[in-house]
Amino acid sequence: MSGIEETSNVSSEFQEERSEEEVEEEIGYEDPFRYVFYRDRKEWADLEPVPQDDGPNPVVKIAYSDKFTDVYDYFRALLKNDEKSDRALLLTAEAIELNAANYTVWHYRRVLLQALEKDLREEMRYITTIIEDQPKNYQVWHHRRMVVEWLNDPSEELEFIAEILSQDAKNYHAWQHRQWVIKEYKLWDSELEYVEQLLEEDVRNNSAWNQRHYIISHTTGYSDPAILNREVQYSLKQIKKAPHNESVWNYLKGILQDLGLSSHPGLLEQILELKETHCSPYLLGFLVDIYEDFLENTLEHHEEVLSKALELCELLAREKDTIRREYWSYHDSIATSSPNEIGPVLRNTIIIFFNFASTNL
Amino acid sequence: MGTQVKDVVIKSDAPSALLLDKHADYIAAYGSKKDDYEYTLSEYLRMSGIYWGLTVMDLMGQLTRMNQQEISDFIKSCQHDCGGVSASIGHDPHVLYTLSAVQILSLYDNVNVLDVDKVVEYVRGLQQEDGSFAGDKWGEIDTRFSFCAVATLALLGRLDAINVDKAVEFVLSCMNFDGGFGCRPGSESHAGQIYCCTGFLSIAGQLHQVNADLLGWWLCERQLPSGGLNGRPEKLPDVCYSWWVLASLKIIGRIHWIDKSKLRSFILACQDEETGGFADRPGDMVDPFHTLFGVAGLSLLGEGQIKDVNPVLCMPEDVLERLGLHPDLLS
């Protein structure tokens, strides 16, 4: 079968002294998988084929399409007869090779694997090869998950997924599978280390930042102030490495927003320091968010904070992030109309913090 | 301050005028050569392919060029005993293709080609204990399927068939720290999933649960200097995100946060002046999927020559008007 694919545009090499049809007739065996091109059929030998001139390798393309139809014609025949056999399993592999996105073929393959009680370890080897070849396809990953579940054995998964991610570190399917394996089989322990390694390689990898959040949320959580501060400092360190990085800013905002951006000790000071040496539209936008959080939570220095926020919004709209000027003018109005209701204890806490930071404004 | 922004550069000779007639011709002729390789290869999603083609034709006022009878017969032969609909004849049923079939028949005002009660039964049977939806009997869980389920039932007026509260609970559990949504709880935010989840919440009447400012920010951050939109940070722009991102923004009332004229230029540059149709980005090969979402995106941007498209269901507004369907939108 693979011989056909390799030599499909050089049919003369494929011919034997007797045609394969003659051999088959003699031994009384019909191999339904062997595709015979018209040019190989003796009853068409009197005609000279005229290849279509519609692009590179037209003969190969048409032949491939014919083979596709032929394989799927036989697949449909098997389905219709509900045939459960080894040759059916082999055919599903051929059909998958032609179109790994065909979910019906994958379904049938799973039915066959169970009905024929096939060796699932071998199936793992098979699906590994398929995914390596076509890693961006829902069906192949779902199939792998099913096999892992049937075997109840995740031992190869983290290494395998890491290998796939080494080819494309943002493969959405690979990450879903990784999250499932880790959660299902409680393989949390070394994942943070893995995430850090990926972020070393590419600090802008949004999938890795998402994974970081996933791991920490499911293990220590962020409620311990030491952990939260560790993450804040880690984020600031990555910002210094690559200031223009949407993911790290989303992460920083994400982990602080429940408590309030202005509530984290020393953060404003650190951001203002970074502004001098590692500025970016994200940093300026983050400052706007901090100031807005202040405005919502304190009456003190209201005019000053407000004017700073508005100044930044204008800078972003006019110069630093003009494509999102509508967003920045929205923040103009948010800042201006911030509510000023707050309890006295919280208010005093914020005033103390704000006075500490205000010398830097 | 070195910035490596992943983006495309639009060439000065890229198309800048809308070529609707060419797109209509492209779609009308698509699939007429049934032995075309690409066509054969995409059989496993044929039902969705038909939905994309018909919807874009309707948006361009050209639906009559398509063969309603042939399509209706095809759909009828794709409904299985369990009630679900498959992508094509001889394929297994799936919620994705069940939705596409119902959408197509809604365009034709002819849902009774299907056994509607059985469709409802099929969709109901896919809901899991935690409120999520499987795509089919093999159990893959994804918020895409939550959207397909409620969209199907909404079009049939049968939303009562499922546990909406539980379904909402699951979708909300997929909300991330950045305001976005992924395919399952914890999954990375992705514009396609965000469209499905905001669309879901709209149909379920729960849009107030979205953090519209935070999500709106994440969504408008998808716009790159070329004007095109990507699907998540540090990815290239793709015209289909003009739909997933833009429709989401429309649903949450923040569509004005996108630079409309820059996006329009990007979408127009994705046209192929020779063949008609839209590609994922300028210069690439066209296909019906990107053609629908390019045209639908332009409709959301207010293009006069294109019918209004509904941002939740990606169908012409006049069809939903006829059905009396007005999914919520935030203002």
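Residues numbered from 1 in each chain as written. Chains lettered and ligands numbered in written order. Predicted model: local features only at pLDDT ≥ 70, side-chain atom pairs only at ≥ 80, totals over all residues. Heavy atoms only, no water.

Asker: Hey, could you run me through the interface of chain A and chain B in this one?
Answerer: The interface is formed by 52 residues belonging to chain A together with 56 residues belonging to chain B. The junction of chain A with chain B conceals about 4900 Å² of combined surface from both sides, 54% of it contributed by carbon and sulfur atoms. It is Y103, Y172 and I323 of chain A that lose the most area in chain A upon contact with chain B, and together they represent 15% of the buried surface on that side. Put simply, chain A and chain B have three salt bridges between them. (Contact = heavy atoms within 4.5 Å. Buried area = accessible area lost by both parts, 1.4 Å probe. Salt bridge = Lys/Arg side-chain N within 4 Å of Asp/Glu carboxyl O.)

Asker: Teacher, can you tell me more about the pattern of salt bridges here?
Answerer: Pairing of side chains with opposite charge becomes possible as their charged atoms draw close. Summed over the entire model, instances satisfying the criterion amount to 33 salt bridges over all chains. For the salt bridge of K136 of chain A with D168 of chain A, the shortest nitrogen-to-oxygen distance reads 2.5 Å. Taken together, the positions of K136 of chain A in the loop between helix 7 (120-133) and helix 8 (138-151) and D168 of chain A in the loop between helix 9 (157-167) and helix 10 (172-185) put the pair 32 residues apart, joining distant regions of the chain. Taking the relative accessible area as the measure of exposure, K136 of chain A reaches 54% and is therefore exposed. A salt bridge links D109 of chain B to R322 of chain B, with the nearest nitrogen and oxygen atoms 3.3 Å apart. Of this pair, D109 of chain B sits in the loop between helix 5 (95-107) and helix 6 (116-125) while R322 of chain B sits in helix 14 (residues 317-323), placing them 213 residues apart in sequence. Linked by salt bridges that have partners in common, E196, R212, R230 and E231 of chain A make up one network. (Helix = DSSP H or I, 4+ residues; strand = E, 2+ residues; numbered from the N terminus. Buried < 20%, exposed > 50% of the residue type's maximum accessible area, 1.4 Å probe, protein only.)

Asker: Help me understand the environment of D13 of chain B, please; the structure alone is not making it clear to me.
Answerer: With respect to the secondary-structure elements, D13 of chain B resides in the segment before helix 1 (20-29). Taking the C-alpha atoms as reference points, D13 of chain B and A269 of chain B, 256 residues apart in sequence, are found 8.8 Å from one another.

Asker: Explain the environment of A242 of chain A here, please?
Answerer: All names here are of chain A. Mapping A242 onto the fold places it in the loop between helix 13 (225-241) and helix 14 (246-256). Separated by 36 residues in sequence, A242 and H278 have C-alpha atoms that sit 8.3 Å apart. Each residue touching A242, except ones within four places of it in the same chain, is listed here: V203 and R204.

Asker: Help me understand unusual backbone geometry, please; the structure alone is not making it clear to me.
Answerer: Most peptide bonds adopt trans geometry, and most residues besides glycine take a negative phi value. Although it is not a glycine, E117 of chain A adopts a positive phi angle of roughly 50 degrees. Tracing the chain through its elements places E117 of chain A in the loop between helix 6 (103-115) and helix 7. Phi at E234 of chain B takes a positive value of approximately 65 degrees, unusual for a residue other than glycine. Looking at the element boundaries, E234 of chain B is found in the loop between helix 10 (212-220) and helix 11 (241-251). With a relative accessible area of 17%, E234 of chain B lands in the buried category.

Asker: Help me understand the packing of aromatic side chains, please; the structure alone is not making it clear to me.
Answerer: The description of an aromatic ring pair uses the distance of the two centres, along with the angle that the planes make with each other. Tallied over the entire structure, the rule returns 28 aromatic pairs over all chains. Ring geometry for Y222 of chain A against Y251 of chain A: centres 6.4 Å apart, planes inclined by 65 degrees, an arrangement best described as edge-to-face. In this pair, Y222 of chain A is assigned in the loop between helix 12 (206-218) and helix 13 and Y251 of chain A in helix 14, connecting sequence segments 29 residues apart. With respect to class, Y222 of chain A is no different from Y251 of chain A; both count as buried. Joined through ring pairs, the aromatic side chains of W52, F147, Y195, W243, W244, F289 and F293 of chain B make up one cluster. Lying across the ring of Y138 of chain A, R144 of chain B places its NZ or CZ 3.9 Å from the centre. Over the aromatic face of W218 of chain B sits the side chain of R222 of chain B, whose NZ or CZ is 4.1 Å from the ring centroid. (Phe/Tyr/Trp six-rings, centres within 6.5 Å; stacked < 30°, edge-to-face > 60°. Lys NZ or Arg CZ within 6 Å of the ring centre and 35° of its normal.)

Asker: Would you explain helix 1 of chain B in this entry?
Answerer: Residue and element names in this part refer to chain B. All of the buried residues in helix 1 are L20, H23, A24, Y26 and I27. Burial along helix 1 is one-sided: seen end-on, the buried residues are contained in an arc of 160 degrees. Just downstream of helix 1, G31 is the residue with a positive phi angle, here 85 degrees. (Arc of directions from axis to C-beta.)

Asker: Help me out: how do you make sense of the environment of S338 of chain A in this one?
Answerer: All names here are of chain A. Along the chain, S338 falls in the loop between helix 18 (325-336) and helix 19 (344-358). Each C-alpha atom of the pair S338 and D293 lies 9.0 Å from the other, and the pair is 45 residues apart in sequence. Setting aside residues no more than four positions away along its own chain, S338 makes contact with E292, L295 and E296.

Asker: Is there a simple way to explain empty space enclosed by the protein in this structure?
Answerer: A water-sized probe rolled over the atoms picks out the places where empty space is left. One pass over the structure, following the stated rule, counts six cavities of 30 Å³ or more. Roughly 170 Å³ of volume is contained in the largest cavity. Taken together, 14 residues line the largest cavity, and the ones lying closest to its centre are W141, H142 and Q176 of chain A together with E140 and R184 of chain B. Elements with a minimum of two residues in the lining of the largest cavity: helix 8 and helix 10 of chain A. Residue classes in the lining of the largest cavity are distributed as five nonpolar, five polar and four charged. Quantified by volume, the second largest cavity comes out at close to 100 Å³. Taken together, E246, W249, N250, K253, Y282, G285, F286, D289, Y327 and W328 of chain A together with W217 of chain B form the lining of the second largest cavity. For the lining of the second largest cavity, the secondary structure elements donating two or more residues are helix 14, helix 16 (281-297) and helix 18 of chain A. Class assignment of the residues belonging to the lining of the second largest cavity gives a composition of six nonpolar, two polar and three charged. (1 Å grid on protein atoms, 1.4 Å probe; cavity = no way out; pocket = protein on both sides within 12 Å on 5 of 7 lines; lining within 4 Å. Points joined across faces, edges and corners; volume = space filled by probe spheres on them. Nonpolar A, V, L, I, M, F, W, Y, C, P; charged D, E, K, R; others polar.)

Asker: Would you mind going over the side chain of N245 of chain A with me for this structure?
Answerer: Residues and elements named next belong to chain A. Mapped onto the fold, N245 is located in the loop between helix 13 and helix 14. Polar side-chain contacts of N245 include one of 3.1 Å to the backbone nitrogen of S247. Leave out the neighbours within four places in its chain, and N245 touches V203, R204, W209 and Y282. (Polar contact = N/O pair within 3.5 Å; in protein donor to acceptor, adjacent residues only side chain to side chain.)

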